[in-house]
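Overview (structure and organization)
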Protein chains: 2
Amino acid sequence: MTADSTSSGSAVRDGVLEIPGPVNLFHGGELPGAHIAWRLTGPAQAPVVVALGGISADRRVYPLGGADIGWWDEVVGHTKALPCEQYRLLSFDWLGGSGDSSGPQGDAAFPSISSYDQAEVLLRLLNHLGLRHVHAIVGASYGGMVALAFAERYPERVTRLCVISASDRAHPMATAWRSVQRQIIRFGLDAAQPERGLQLARALAMATYRSPEEFAARFSGSPRHDTDGFVFPVEEYLLARGADYTRRHRSGGFLCLSESIDLHRVDATGIFTPVFCVAVHEDQLVPVADIRAMGARLPNGKVFEISSVYGHDAFLKEAGQLAPIFARVLGLAL
Amino acid sequence: MTADSTSSGSAVRDGVLEIPGPVNLFHGGELPGAHIAWRLTGPAQAPVVVALGGISADRRVYPLGGADIGWWDEVVGHTKALPCEQYRLLSFDWLGGSGDSSGPQGDAAFPSISSYDQAEVLLRLLNHLGLRHVHAIVGASYGGMVALAFAERYPERVTRLCVISASDRAHPMATAWRSVQRQIIRFGLDAAQPERGLQLARALAMATYRSPEEFAARFSGSPRHDTDGFVFPVEEYLLARGADYTRRHRSGGFLCLSESIDLHRVDATGIFTPVFCVAVHEDQLVPVADIRAMGARLPNGKVFEISSVYGHDAFLKEAGQLAPIFARVLGLAL
């Protein structure tokens, strides 16, 4: 199923790939079949770049006008850091997430999903679209993990990776924070208050995505006193972000993809594709030291280091620092 | 009410100070009266050192034998970093906590408590014990905040402070993490599952007390698969620590004292008592930069910096690094 349209002289294709079952999953589970919502935009014949974001990202990378939204709209678009007029951009809704691909129904459980499963989804999508080869996968956070898994398994299908704020495995401290988030969500489900659980889990996640420096600059004001007691500026912010999140996401998808991050393990020494890594000094979830260590293990790895008060969220915000890296990495003849 | 005994030639006095009401609190609340459980140990005539720890600490600083326990037993004791044979050690159960002082009944709410309120409790305790003057207050974490509040208000009653992993105000990122912990606890109370809420809040707190380096060294193993899905090593550890905590603490006390940390603000420029600060490079809750900045604002401040994989919990663990600091600070003629 495909809907084709053109926007600003570029083709836009939105589609849903049906994968017949049984779909055998890396961690041992099985699906009776799956569907994957995808989007491909950009000038015909332009090189294809797969753009993959965090667990809350989806196929809408940048807004196509009207009411459309895009999770990477500060970085991707016309003449932006990742210029949509030079590349065809492909993305998809994660398997197991809250989007339009197969995932948990409502707040129900779903089999454990591996970054290798997402990589296989991408392979099937490339086959479906007749793309023998893509110019690059640009993946950030969970999307960077999926990019690494893809290159390990299907090296002949991609020329280079650009991996931002992701490593070959999760850091145990980041697993600690995510484990607590998942426990909060399970608490919410058990207490028949899934939205409250999801709100609190997202509030906690937001604190780990940003840096102490940013919070010190934004939230040093005094608490206000309401009927329930004191409310701190940072508390109000996190709860508001958490509440927003519950309008677009479900507990089940959060549980599944959060766990998938912590289950991620690839063998960097077996990834021969050139991998350009971007590490952020202030990232609390993926320490620079971990990306440096992966860079040293990768046969063709190179690490760029940047500084950003946005911490793990730098990939969403730091268009100015990412632009020259993307230009260099995507412009290389490999 | 006082129970006197002797142990190893040292006096041990356990008592409860009754404070008649109304007790007016810094943040505007009022108590109809309060009682404070305290302990004073050590050789008669030895200089008095007040030892104050985190929000989970109490009057039992080091074990007195038998089934007695002490929150600082790796650091304080006979010939230890803080030698109990050289000093009389005074401590008390926090007002508003889960111990034997006045605090929330069960999981009920309690007025907001300031570090200034705890300082006033200490003042009343010194008056009650006839101690015109103490040699030092050694305070870590919340106890360090209370030490600062005491010296600002009652400078004539203490000669020096040793303040470990505490600053003149909480960092907004630390407030973020604690706000989420309090929200989890309120969720537990609303869902009539206070123990589960307290367990999760403590699990999250533990992750902030320690360092990424420690967790990387201890918890890099693979997850195990149980009937509910994957369980990660660090998740199992945090939940076990959280469950332990619920056996000795109540939600109400956690809420009250956690909030008290975030409400803490003292004026460092108005503290003329010599303050010896200890900052831990790996502390995620109280960044070294904050303690350095406070050290620069204190008229008589000095900052020692140490490194520890135990992060914010270094004060509980790093007896070897604290011993020379205590010896120097407590030995000074001021």
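Residues numbered from 1 in each chain as written. Chains lettered and ligands numbered in written order. Predicted model: local features only at pLDDT ≥ 70, side-chain atom pairs only at ≥ 80, totals over all residues. Heavy atoms only, no water.

**Some points on the interface of chain B and chain A**
Between chain B and chain A, the residue contacts involve 48 residues of the former and 48 residues of the latter. Of the roughly 4,000 Å² buried at the junction of chain B and chain A (both faces included), carbon and sulfur atoms supply 68%. Taken together, the links from chain B to chain A amount to four salt bridges. A salt bridge links Arg196(B) to Asp190(A), with the shortest nitrogen-to-oxygen separation between them at 2.9 Å. (Contact = heavy atoms within 4.5 Å. Buried area = accessible area lost by both parts, 1.4 Å probe. Salt bridge = Lys/Arg side-chain N within 4 Å of Asp/Glu carboxyl O.)

**Overview of the relation of the copies chain B and chain A**
Two copies of a chain can be linked by a rotation about an axis combined with a shift along that same axis. When chain B is fitted to chain A, the best match, at an RMSD of 0.0 Å, comes from turning it 180° and sliding it 0.0 Å along the axis. Taken together, the rotation and translation relating the two chain copies correspond to the operation of a two-fold axis. Residue Ala191(B) of chain B places its C-alpha closer to the rotation axis than any other residue of that unit, at 3.2 Å. A share of 100% of the interface residues of chain B reappears at the interface of chain A, consistent with the copies meeting face to face through the same patch. (Least-squares fit on C-alpha atoms with pLDDT ≥ 70 in both.)

**Considerations on the nonpolar core**
Core analysis: the largest hydrophobic core is formed by 157 residues, its most contacted members being Leu90(A), Ile137(A), Leu238(A), Leu90(B), Ile137(B) and Leu238(B). When residues no more than four places from it in sequence are discounted, the contact partners of Ile137(A) are Val50(A), Leu52(A), Leu122(A), Ala147(A), Phe150(A), Val158(A), Arg160(A), Leu161(A) and Cys162(A). (Core = buried A, V, L, I, M, F, W, Y, C linked by side-chain atoms within 4.5 Å. Buried < 20%, exposed > 50% of the residue type's maximum accessible area, 1.4 Å probe, protein only.)

**Things to note about the pairing of strand E12 (residues 275-280) of chain B**
Remark: a regular strand shows side chains that alternate across the two faces of the sheet. All names here are of chain B. Within E12, six of the six residues are buried, which leaves the element mostly enclosed by the surrounding structure. Where strand E9 (residues 161-164) and E12 come together, four bridges link them in parallel fashion. Bridged to Cys162 within E12 is Phe276. The pairing of E12 with strand E13 (residues 301-306) spans six bridges and is classified as parallel. Looking across to E13, one finds that Val280 is bridged to Ile306. (Helix = DSSP H or I, 4+ residues; strand = E, 2+ residues; numbered from the N terminus. Pairing = 2+ DSSP bridges.)

**So, the packing of aromatic side chains**
What the rule picks out here adds up to 24 aromatic pairs over all chains. Judged by centre distance (4.8 Å) and plane angle (65°), the ring pair of Trp94(A) and Tyr142(A) falls under edge-to-face. Note that Trp94(A) is positioned in the loop between strand E7 (88-92) and helix H1 (115-129) and Tyr142(A) in helix H2 (residues 142-153), a separation of 48 residues in sequence. Classification of Trp94(A) as buried rests on a relative accessible area of 3%. On the basis of relative accessible area, Tyr142(A) is assigned to the buried category, the value being 0%. Summarising the aromatic geometry, the rings of Phe92(B) and Trp94(B) are spaced 5.4 Å apart at their centres and angled 80° between planes, so their arrangement reads as edge-to-face. Summarising the burial analysis for this pair, Phe92(B) and Trp94(B) share the class buried. (Phe/Tyr/Trp six-rings, centres within 6.5 Å; stacked < 30°, edge-to-face > 60°.)

**Some details on the environment of Leu126(B)**
Its place among the elements puts Leu126(B) in helix H1 (residues 115-129). In this structure Leu126(B) comes out as buried when scored by relative accessible area, which is 0%.

**Thoughts on H2(A)**
Residues and elements named next belong to chain A. Its 12 residues give H2 an end-to-end C-alpha distance of 17 Å, which sits within 8% of 16 Å, the value for a rise of 1.5 Å per residue. Most of H2 is tucked away: 10 of the 12 residues are buried. Within the sequence span of H2, burial applies to Tyr142, Gly143, Gly144, Met145, Val146, Ala147, Leu148, Ala149, Phe150 and Ala151. (Expected span 1.5 Å × (residues − 1).)

**Description of the pattern of salt bridges**
All names here are of chain A. Applying the stated criterion across every chain yields a total of 44 salt bridges over all chains. The closest approach of N and O atoms between Asp313 and Arg210, which form a salt bridge, is 2.8 Å. Of this pair, Asp313 sits in the loop between strand E13 (301-306) and helix H9 (314-317) while Arg210 sits in the loop between helix H4 (194-209) and helix H5 (212-218), and the two are 103 residues apart along the sequence. On the basis of relative accessibility, which here comes to 7%, the residue Asp313 falls in the buried class.

**Focus: the state of the cysteines**
Residues and elements named next belong to chain A. On inspection of all chains with the given rule, the structure shows zero disulfides over all chains. For the unlinked cysteine Cys162, the closest cysteine sulfur is that of Cys277, found at 8.3 Å. Residue classification places Cys162 among the buried residues on the basis of a relative accessible area of 1%. (Disulfide = S-S within 2.5 Å.)

**A word on the confidence of the model for chain A**
For chain A, mean pLDDT is 95; residues scoring 70 or higher make up 97% of the total. This complex was scored by the predictor with a pTM of 0.95 and an ipTM of 0.95. (pLDDT = per-residue confidence, 0-100.)

**Considerations on the pairing of strand E4 (residues 48-52) of chain B**
All names here are of chain B. In terms of burial, E4 is largely enclosed, as five of its five residues are buried. Residues Val48, Val50 and Leu52 line one face of E4 and the alternating positions Val49 and Ala51 line the opposite face, and both faces are buried. When E4 meets strand E8 (residues 136-140), the two strands line up parallel, connected through four bridges. Following the sheet pairing, Val50 is matched in E8 by Ile137.

**Some thoughts on unusual backbone geometry**
Residue Pro22(A) follows Gly21(A) across a cis peptide bond; omega there is -5°. Tracing the chain through its elements places Pro22(A) in strand E2 (residues 10-24). In the Ramachandran plot, Ser165(A) falls in the positive-phi region, its phi being about 55° despite a non-glycine side chain. Judged by relative accessible area, which is 1%, Ser165(A) ranks as buried. In this structure, Gln45(B) is a non-glycine residue whose phi angle is positive, near 80°. With respect to the secondary-structure elements, Gln45(B) resides in the loop between strand E3 (30-42) and E4. A residue is classified by how much of its surface remains accessible, and Gln45(B), at 72% relative accessible area, is exposed.

**Some details on the environment of Val275(B)**
All names here are of chain B. Its place among the elements puts Val275 in strand E12. For Val275 and Val303, which are 28 residues apart along the polypeptide, the C-alpha to C-alpha distance reads 8.4 Å. Those residues in contact with Val275 that lie beyond four places of it in its chain are Leu148, Leu161, Val163, Leu298, Asn300, Gly301 and Lys302.

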